[in-house]
Amino acid sequence: MPEPGRTGVVRLEFHTPQGTSGTVIAEGGPWTAPGPGLAERPLYASDGSTLMVQRAVTADGGRIDGTAHRMLQNEIRAALRVGRRHGAAHPDCLPRLVGYDLDAESPYLLCPPVAGRPVAGLAGQLLLGQRHGFQTALFRALVLLSEAEVVHAGLRPEVVHWDGRQVRLTGFGRSAAVGESYREDVASLWMPPAAVRDAVADPHDDVWAAGLVVAHVVTGLPVEQLAGGAGVPAESALASLLDGVFRADPRRRPGAAQILRRLGDQSRAEAAALDDAALDAGRAAFDAERAKKAGPPAPAPAAEPPSAPGDPGRLSPALLLALGVVLIGLTLIGWRVFG
Amino acid sequence: MNVTPAGAATGVVRCPICLDVFRWDPADDGLFAFSEEAGYVPLRIPADASPEKRAGARRLAHLRCPNPSGDRPAHFLPLLYTAYRPPIVIGLVGASLSGKTHLLAAMMGEIENDRLAAFDLKADALDPVRHRTFMRQYTRPLLEKGRRLPGTVEGVADFADALLISSATGTWPVAFFDIGGEDLSRLRDNTRFLNGVTALMFVVDAETVGAGGNARDDTYRAVLGMLHPGSGHLDVPAAVVLNKADLIRFEPPVDAWIHRPPADRLDAGTVLAESRDVYAYLHRAGATALLQPYRYCRRCTLHFASATGARARDGEFPHGVRPMRVLEPLVALLAMSGVFGAAAARQVGS
């Protein structure tokens, strides 16, 4: 059923994650502002169901906000990385992309609607069994995310959705690839103090933030009272679960897979590296071409190893001398015989 | 600034336009001043001019190439071109629409914003009038007004712009030749400058790579074949720039490079790693013909870059222009040319 404020039928042409072109014709819902420089609206099918969500950078007199544009790109990049890593087994808990167009008048992405609701409204309300399910789903999502070599860098209760069974992570505008520098302002009460713009993106920063989200949901305490895990009751099950999560040095924090094991979930191993056999073949071809240009390898060291006994390819100097004497002797004998 | 002849002792200059070598008289005679209104007019420096006034006049002066072989129309060189070390002459090579002019314009814009300072390099205009003209015609319309530039004008035989680049080890005149793709692929007469280039920048249009497989660029074969027809390797530093990389910014391994903040120092290891990834990307796409520069040039680097950061619509970049990694290829060429010292010249591109 159409709602007030709908923007009429829209036709959008976009790039798909597979590199092809796609088109959608749908009825546009009302725009909302999820953040500075950004706008978002649902796109409805003719039967009134929500097909997908369009998130766009708003253009002000043709000019767009550079930060909002980068954040949109970060969201696209994160979803594409997840898609490349997990392929047909794309996990529902991680962002999925329908398409994007960065060259449109208002650059945008299209994604499926997110099920569930932000856990910001569930703090202190989950039952014991629900807590365990939520914690397991959250850290499993982080394991899957780190397998795609993506750091969310903005986890907080508003971007973690929960439908009673599944977690869905959203809000990837500040995300970065593992090992590169954070390009956005990632500092927040939910992130480790050392995680700031230009710091190296580390999946263990997400573990810290997820630890705070879990503590917030379980205890109902505001983040200000949970800083560095301070508000987590000592010797509680929560304290055991989050042991080491708030260490200053990210290398000393447990990984998401380790937290999962503490929850009794062995389903995911530690993150595996992304690989691409065709790219590896290209890199090997580069190495071969480079070696060819560098010329032949350096000559072997001057000192020769001793000949192996019975080596037919090598004759010792003593043997050569003996052979020489025999040869001269035979020559002299022959000269006497035939001379 | 005291302007003295190249290699001061000899006063011998090789003109980058006609390639003739001539001896230059360092006296004040035979100099020209240039203005956009009057063109080149003889420069008279009064005999009683103060040393400061003389130096100022010579800083902007030109000399007329005598073109001893008499095979080119009259042409002039900035006096500063002759005043330092042997110049670095960079030829941009690539098909029409590969984005050579956009790349050069974006590069000049980044240099104007002092982005070479991160590499401890300083850049000044070699010929201020010519530099102003280039900025007015190309860089400002692109970067400030978001306008798509017209293709390179065919038939031009002069360098597009030139800089004086200084490092801790010295100062080098650096001239950029941007010649039309058709001229290059047919090796027309105005490509004679290629015989005098000391560095090559091959520009690949990312949009053509992987579009139908077997991407190629006829200018590469023509230029490499002319400069080095036999076997062995060409001893001219080369950089291959996979331009318009914004169009493939989310593809691996492009996404690992193009989103990086600009480099803040020269790091031979990083240059090698990026070269390896660009090579692998082109190799995977079956664009082996575009890898010719790496195969045939002894020292060669490969780079992901985008002059504009976006695709033009109706001749404009409506969201503005955001150059991505456009200085890295130039810095690599400068390193291979010795601007960062002998050690860096050995390490980069080898």
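Residues numbered from 1 in each chain as written. Chains lettered and ligands numbered in written order. Predicted model: local features only at pLDDT ≥ 70, side-chain atom pairs only at ≥ 80, totals over all residues. Heavy atoms only, no water.

1. What to know about the overall build of chain A
In terms of helices and strands, chain A carries seven helices and 14 strands. Out of the 339 residues in chain A, the part that is buried amounts to 43%. A separation of at least 24 residues holds for 56% of the contacts in chain A among residues at least 6 apart in sequence. Looking at chain A as shown, the accessible area adds up to about 17500 Å², and 57% of this sits on carbon and sulfur atoms. (Helix = DSSP H or I, 4+ residues; strand = E, 2+ residues; numbered from the N terminus. Buried < 20%, exposed > 50% of the residue type's maximum accessible area, 1.4 Å probe, protein only. Contact = heavy atoms within 4.5 Å. Areas by Shrake-Rupley, 256 points an atom, 1.4 Å probe, with all protein chains shown as cover.)

2. Notes on the overall build of chain B
Scanning chain B from terminus to terminus reveals ten helices and 13 strands. Taken against the 2.2 N^0.38 rule, which gives 20 Å for 350 residues, the C-alpha radius of gyration of chain B at 20 Å falls within 12% of a compact globule. The C-alpha extent of chain B, read off along each of the three principal axes, is 65 × 45 × 40 Å. Buried positions account for 56% of the 350 residues belonging to chain B. The long-range share in chain B, meaning contacts at least 24 apart out of those at least 6 apart in sequence, stands at 74%. Summed over all atoms, the accessible surface of chain B reaches about 14000 Å², with 51% contributed by carbon and sulfur. For chain B, the centre of its 39 positive side-chain charges and the centre of its 38 negative side-chain charges are spaced 2 Å apart. (Rg over C-alpha atoms; globule rule 2.2 N^0.38 Å. Lys, Arg positive; Asp, Glu negative; His and termini not counted. Charge placed at Lys NZ, Arg CZ, Asp CG, Glu CD.)

3. Examining the nonpolar core
Judged by nonpolar contacts, the single largest core of 66 residues is most densely connected at Leu77(B), Leu200(B), Leu242(B), Leu282(B) and Phe304(B). Phe304(B) has contacts with Leu242(B), Ala245(B), Pro253(B), Val254(B), Trp257(B), Ile258(B), Glu274(B), Asp277(B), Val278(B), Tyr281(B) and Arg325(B), leaving out every residue within four places of it along the chain. In this structure, Leu138(A), Leu142(A), Ala199(A) and Ala201(A) belong to the second largest nonpolar core, which totals 58 residues. (Core = buried A, V, L, I, M, F, W, Y, C linked by side-chain atoms within 4.5 Å.)

4. Concerning the sheet that holds strand E13 (residues 300-304) of chain B
All names here are of chain B. The strand order across the open sheet formed by seven strands is E8-E9-E10-E7-E11-E12-E13, and the pairing between neighbours is mixed. Of all the strands in the sheet, just strand E8 (122-125) and E13 have a single pairing partner and so form its edges. For this sheet, the mean angle separating the axes of adjacent strands, direction not counted, is 25°. As judged from the five bridges shared by strand E7 (residues 88-93) and strand E10 (residues 170-178), these two strands associate in the parallel manner. Across the sheet, the residue bridging to Val 89 is Ala 175, located in E10. Against the sheet, helix H7 (residues 268-284) contacts strand E12 (238-243) and E13, and its axis sits at roughly 75° relative to E13. (Pairing = 2+ DSSP bridges. Axes fitted to C-alpha atoms, helices over the stretch in contact; angles between N-to-C directions.)

5. Describing the confidence of the model for chain B
Taken over all residues, the pLDDT of chain B has a mean of 88, while the share at 70 or more is 95%. Per the prediction output, this complex has pTM 0.78; the corresponding ipTM is 0.89. (pLDDT = per-residue confidence, 0-100.)

6. Remarks on the packing of aromatic side chains
Scanning the model with the defined rule gives 15 aromatic pairs over all chains in all. Summarising the aromatic geometry, the rings of Trp208(A) and Phe246(A) are spaced 5.4 Å apart at their centres and angled 90° between planes, so their arrangement reads as edge-to-face. Of this pair, Trp208(A) sits in helix H3 (residues 203-219) while Phe246(A) sits in the loop between helix H4 (237-241) and helix H5 (256-262), and the two are 38 residues apart along the sequence. Neither residue differs from the other here; Trp208(A) and Phe246(A) are each classed as buried. Here the aromatic residues Phe32(B), Phe34(B), Tyr40(B) and Phe76(B) are joined through ring pairs into a cluster of three or more. Over the ring of Phe159(B) we find Arg130(B); its NZ or CZ atom is 4.1 Å from the centre of that ring. The cationic tip of Arg260(B) hangs over the ring face of Trp257(B); the distance from NZ or CZ to the ring centre is 4.1 Å. (Phe/Tyr/Trp six-rings, centres within 6.5 Å; stacked < 30°, edge-to-face > 60°. Lys NZ or Arg CZ within 6 Å of the ring centre and 35° of its normal.)

7. Focus: the interface of chain A and chain B
The interface of chain A with chain B comprises 31 residues on the first partner and 35 residues on the second. Interface of chain A and chain B: buried area, both sides summed, is about 3100 Å²; carbon and sulfur atoms make up 53% of it. In terms of surface lost to chain B, no three residues of chain A exceed Asp103(A), Phe286(A) and Lys293(A), which account for 25% of the buried area on that side. Here Arg311(B) ties to Asp103(A) by a salt bridge, and the two come within 3.4 Å at their closest N and O atoms. Here chain A and chain B share 17 residue pairs in polar contact (both at pLDDT 80 or more) between them. (Buried area = accessible area lost by both parts, 1.4 Å probe. Salt bridge = Lys/Arg side-chain N within 4 Å of Asp/Glu carboxyl O. Polar contact = N/O pair within 3.5 Å; in protein donor to acceptor, adjacent residues only side chain to side chain.)

8. Observations concerning the pairing of strand E1 (residues 8-15) of chain A
Residues and elements named next belong to chain A. Both E1 and strand E2 (residues 21-28) contribute to a ladder of eight bridges, which runs antiparallel. Note that in E2 the partner of Leu 12 across the bridge is Val 24. In this antiparallel pair of consecutive strands, E1 and E2, the connection spans five residues, and Gly 19 shows a positive phi of 90°.

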